[in-house]
Amino acid sequence: MSPKPTCHLIRPESTYEGKQGLTYFAGIATETVGASGICMHMLTMPPGARAKAHMHESHETAIYVLSGEVHTWYGDRLEHHIVVKAGDLFYIPAGVPHLPANLSSAPSSAVIARTDPNEQESVVLLPELDALVA
């Protein structure tokens, strides 16, 4: 018999390295609270930080930018570009290649939620796209 589910408080003090090349603050995930359908964590991108081109093959991502701004290229060949600023919400559907970068001189922080509950989610790196963004 499995234990009855209960509430958990997470203080995002520890970090982990994501496959995308960024450092995340640990948050709500299968590994931390036993989540089965959602993962939520915080990310602060220092000035000049850039992720590796990647996609999340079978899950959606929702991002709320708390501070700063992040340039994101997306699409099959990263042909689209958007600047996501503090107060903006940004949605990335499953299977869409993307590459975020902080081109500013200030850090940018965001809350990120995904429909994959695993902290080290099912990221598919796309190294053939990295060179498409200077």
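Residues numbered from 1 in each chain as written. Predicted model: local features only at pLDDT ≥ 70, side-chain atom pairs only at ≥ 80, totals over all residues. Heavy atoms only, no water.

J.: I keep staring at the pairing of strand E2 (residues 23–28) and nothing clicks. Help me out?
T.: Two faces, one strand: in a regular strand the side chains alternate between the faces of the sheet. Pairing of strand E1 (residues 15–17) with E2 involves three bridges; the strand directions are antiparallel. If you follow Tyr 16 over to E2, its bridge partner there is Tyr 24. A loop of five residues connects E1 with E2, the two strands running antiparallel in sequence, and Gly 21 in this loop sits at a positive phi of about 95 degrees. Examined bridge by bridge, E2 and strand E3 (residues 39–45) share three bridges and lie antiparallel to one another. Note that in E3 the partner of Ile 28 across the bridge is Met 40. (Pairing = 2+ DSSP bridges. Helix = DSSP H or I, 4+ residues; strand = E, 2+ residues; numbered from the N terminus.)

J.: Honestly, the environment of Gly 95 in this entry has me stumped. Any pointers?
T.: Along the chain, Gly 95 turns up in the loop between strand E8 (89–92) and strand E9 (98–101). Through-space distance from the C-alpha of Gly 95 to that of His 56 is 5.6 Å; in sequence the pair is 39 residues apart.

J.: Hey, could you run me through the side chain of Asp 116 in this one?
T.: Relative to the elements of secondary structure, Asp 116 occurs in the loop between strand E10 (108–114) and strand E11 (123–125). Polar side-chain contacts of Asp 116 include one of 3.2 Å to the side chain of Ser 122. (Polar contact = N/O pair within 3.5 Å; in protein donor to acceptor, adjacent residues only side chain to side chain.)

J.: Sorry if this is basic, but what is going on with the nonpolar core here?
T.: Most often, soluble globular proteins keep nonpolar side chains buried together rather than apart. Membership of the largest hydrophobic core comes to 16 residues, with the highest contact counts inside it found for Leu 22, Tyr 24, Leu 43, Met 45 and Ile 63. Mapped onto this core, the elements with two or more residues apiece are E2, E3, strand E5 (61–67), E8 and E10. With sequence-adjacent residues up to four places away left out, Leu 22 is seen in contact with Tyr 16, Glu 17, Leu 43, Met 45, Ala 49, Arg 50 and Ala 51. If you look at the next biggest cluster of nonpolar residues, it comprises nine residues, including Trp 73, Leu 99, Ala 101 and Leu 126. (Core = buried A, V, L, I, M, F, W, Y, C linked by side-chain atoms within 4.5 Å. Buried < 20%, exposed > 50% of the residue type's maximum accessible area, 1.4 Å probe, protein only. Contact = heavy atoms within 4.5 Å.)

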